[in-house]
Amino acid sequence: AHSPYGGLRCVVDTRAVLARNLQALMDAQGWNTPELANRSKVDRKTINNMLNQRFDPRLSKVDAVAKAFGLSAWHLLAPQVPIDLIAYYLLTDDT
């Protein structure tokens, strides 16, 4: 389908994108849910809800989780984010 603004319209399942990106980053860092909860100061239940695509999380929670990885919220919400590339930079960061 075409959008009125030109080009193709893209419909994205934002919850699925968030869950995929979050799980990939957790795997790359070797973090489990309690570890991410501790680092982000976001409740474990909220993180589990993000991973299991339940409810729509508050943007402030997505931002806090992203910051735990040294990223911005858009990294977790972008459907085409190259997780392997982000993981590479996370794992090779000298700071």
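Before going into details, it helps to say that this report is about the structure given with it. Since we're looking at a predicted model, the values are computed, not measured. (Residues numbered from 1 in each chain as written. Predicted model: local features only at pLDDT ≥ 70, side-chain atom pairs only at ≥ 80, totals over all residues. Heavy atoms only, no water.)

1. A word on the environment of Leu-76
Moving on, step 1. Secondary-structure assignment places Leu-76 in helix H5 (residues 73-77).
Moving on, step 2. The spatial distance from the C-alpha of Leu-76 to the C-alpha of Asn-21 is 5.5 Å, given a sequence separation of 55 residues. (Helix = DSSP H or I, 4+ residues; strand = E, 2+ residues; numbered from the N terminus.)

2. A short note on the packing of aromatic side chains
Moving on, step 1. Applying the stated criterion across every chain, the model contains 1 aromatic pair.
Moving on, step 2. With a centroid separation of 4.7 Å and 20° between ring planes, the pair formed by Trp-31 and Phe-69 is classed as stacked. A residue pair is termed long-range when its members are at least 10 positions apart, and Trp-31 in the loop between helix H1 (14-29) and helix H2 (33-40) and Phe-69 in the loop between helix H4 (59-68) and H5 qualify at 38 residues.
Moving on, step 3. Residue classification places Trp-31 among the buried positions, given a relative accessible area of 11%. (Phe/Tyr/Trp six-rings, centres within 6.5 Å; stacked < 30°, edge-to-face > 60°. Buried < 20%, exposed > 50% of the residue type's maximum accessible area, 1.4 Å probe, protein only.)

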